[in-house]
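What the coordinates show
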Amino acid sequence: MRAEQSKMADKQYVAGNRPKWELAYIFRTYGNAYLALHPTPSIDKQVMQDIMLCRTAYLGGHIQQCDTCGAQQIAYNSCRNRHCPKCQALAKAKWLEARKAELLPVTYFHGVFTVPHEINAVALCNKALIFNMLFKAASETLLAFGKNPQNRLGGQLGFTAILHTWDQLLKSHLHLHCIIPAGALSSDGTQWVPVKGDYLFCTLAISKVFRSKFMALFKKAFEKGKLKFCGKAKVYAAKGDFKRLSDTLCGKDWVVYARPPFGGPKQVLDYLGRYTH
C-alpha cells in the first residue's frame, strides 16, 4: 500500500470517522508485516488495498445535506470489491430476502457435498473449473435421485446450492451447502410429491454417485489439458502422478450430508447469507 494512501486513511480513523476494529483497520495495522513474511498473490494484495481504502477520501466522495436543517456530512465512495464486508452488506440483505421469498410452505433438508482435501492443491490452481465441477456433479446427482421413482419421488427436485471454500479455521475445505425442499414436482408438472419420513435419500448412495460424476469431469478435464498445475499441485502434472491422485480420490468415501435443519430453512439461509457476498 502506498504511503500517502495509508496516511490519509489513518487520519480518518484518528478522527473517529470509522469504528476502530474493522477489517480495514486490521489490514492497515498488520497487513504490511504479514505481506513481508508470506508470499501473497497480486490479486489478494489488491483485495487488501481496496478494503483498506473503502469509504475513505482517497476514493473520493460527495456531500450529503439535510433538506430541513441544512446539516452536511461527507459520504466517501465504496471500493465495490466483492470481498469487502462494508460494500456487500446491502447486496447480501437483498439476496437473503429474495431467497426467503422463494421458500415453499413445506419442510426442507440441508444438504452438504464435500470434496476430499487431497484435491485442494489442484483446486487452488483451477478455481473456476473445479468449482463448476462441484456444482455440476452435485446438482446432477440430486436431480437424478429426484427423478428416480425408486427413491420415492420420481419428479423434478429443486434446490439452492451455495459454495463454501474454507472451514472455521480458514483452511481449504471445498463444499456445497444445499437447501432442498422435502418433495418434488411430479413428472407431468401437476402435483407435489412430498418426502415421507425424516430422510431425503440414502446419503451413502448419493456420495457414490456424486464421487463418480465429479471424478468423470475431473479426469476429462485432465485429458483435454484444461487443468493447470502450479505450486504444490505440480507433483500431479505428469500422467502417472495424476492417475495416482485420481485413484486416491476414487478410493475415499466422499462426505455427503442431508438432514432437516433444526431451525428451518430460514435459519440455514441466514447462516449461508454471511458467505454469499
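See the structure above.
Report on the accompanying structure. (Residues numbered from 1 in each chain as written. Predicted model: local features only at pLDDT ≥ 70, side-chain atom pairs only at ≥ 80, totals over all residues. Heavy atoms only, no water.)

1. Some thoughts on the nonpolar core
Ranked by internal contacts, the top residues of the largest apolar core, which has 41 residues, are Phe113, Ile130, Phe210, Phe214, Phe218 and Leu227. Among the secondary structure elements, those contributing two or more residues to this core are strand E3 (108-114), helix H5 (120-125), helix H6 (127-147), strand E6 (172-181), helix H7 (203-223) and helix H8 (239-250). Here the element with the most residues in this core is H6; it accounts for eight residues. When near neighbours in sequence (up to four residues on either side) are disregarded, Leu227 contacts Val122, Asn126, Leu129, Ile130, Phe218, Ala221, Phe222 and Phe242. Formed by nine residues, the second largest nonpolar core is a distinct cluster that contains Trp95, Leu103, Tyr108 and Ile179. (Core = buried A, V, L, I, M, F, W, Y, C linked by side-chain atoms within 4.5 Å. Buried < 20%, exposed > 50% of the residue type's maximum accessible area, 1.4 Å probe, protein only. Helix = DSSP H or I, 4+ residues; strand = E, 2+ residues; numbered from the N terminus. Contact = heavy atoms within 4.5 Å.)

2. A short note on the side chain of Asn151
Among the secondary structure elements, Asn151 is positioned in the loop between H6 and strand E4 (155-156). Looking at Asn151, the relative accessible area reads 18%, which means it is buried.

3. Regarding the state of the cysteines
Note on terminology: a disulfide is the covalent bond linking the sulfur atoms of two cysteines. Applying the stated criterion across every chain, the model contains one disulfide. Linked covalently through their sulfurs, Cys125 and Cys230 form a disulfide whose S-S length is 2.3 Å. Its S-S torsion of approximately -120° makes the covalent link between Cys125 and Cys230 left-handed. Here Cys125, found in helix H5, pairs with Cys230, found in the loop between H7 and H8; they are 105 residues apart in sequence, far enough to count as distant. Here Cys69 stays free of any disulfide, with the sulfur of Cys66 as its closest cysteine sulfur at 3.7 Å. For Cys69, a relative accessible area of 60% corresponds to the exposed category. Left without a disulfide partner, Cys79 is nearest to the cysteine sulfur of Cys87, which lies 3.7 Å away. (Disulfide = S-S within 2.5 Å.)

4. Some thoughts on the sheet that holds E6
Spatially, the four strands line up as an open sheet ordered E5-E6-E3-E9, and their pairing is antiparallel. The open sheet is flanked by strand E5 (160-166) and strand E9 (256-259), the only strands paired with a single partner. Adjacent strand axes in the sheet meet at a mean angle of 15° when their direction is disregarded. When E5 meets E6, the two strands line up antiparallel, connected through six bridges. Considered in E6, the bridge of Leu163 is made with Leu176. Sitting on the sheet, H7 is in contact with E3 and E9, with an inclination near 140° to E9. (Pairing = 2+ DSSP bridges. Axes fitted to C-alpha atoms, helices over the stretch in contact; angles between N-to-C directions.)

5. Quick word on the packing of aromatic side chains
What characterises a pair of aromatic rings is the spacing of the ring centres plus the angle enclosed by the ring planes. Enumeration according to the criterion identifies nine aromatic pairs in this entry. Summarising the aromatic geometry, the rings of Phe222 and Phe229 are spaced 6.0 Å apart at their centres and angled 75° between planes, so their arrangement reads as edge-to-face. Taken together, the ring pairs connect Phe113, Phe210, Phe214, Phe218, Phe222, Phe229, Phe242 and Trp254 into an aromatic cluster. (Phe/Tyr/Trp six-rings, centres within 6.5 Å; stacked < 30°, edge-to-face > 60°.)

6. Topic: the pattern of salt bridges
In total, this model carries eight salt bridges according to the counting rule given. The salt bridge partner of Asp241 is Arg244, with a shortest N-O separation of 2.1 Å. Taken together, the residues Asp241 and Arg244, both in helix H8 and three residues apart, mark about one turn of the helix. Relative accessible area serves as the criterion here: at 25%, Asp241 is assigned to the partly exposed category. Judged by its relative accessible area of 52%, Arg244 is exposed. Overlapping salt bridges, with partners in common, bring together Lys136, Glu140 and Lys213 in one network. (Salt bridge = Lys/Arg side-chain N within 4 Å of Asp/Glu carboxyl O.)

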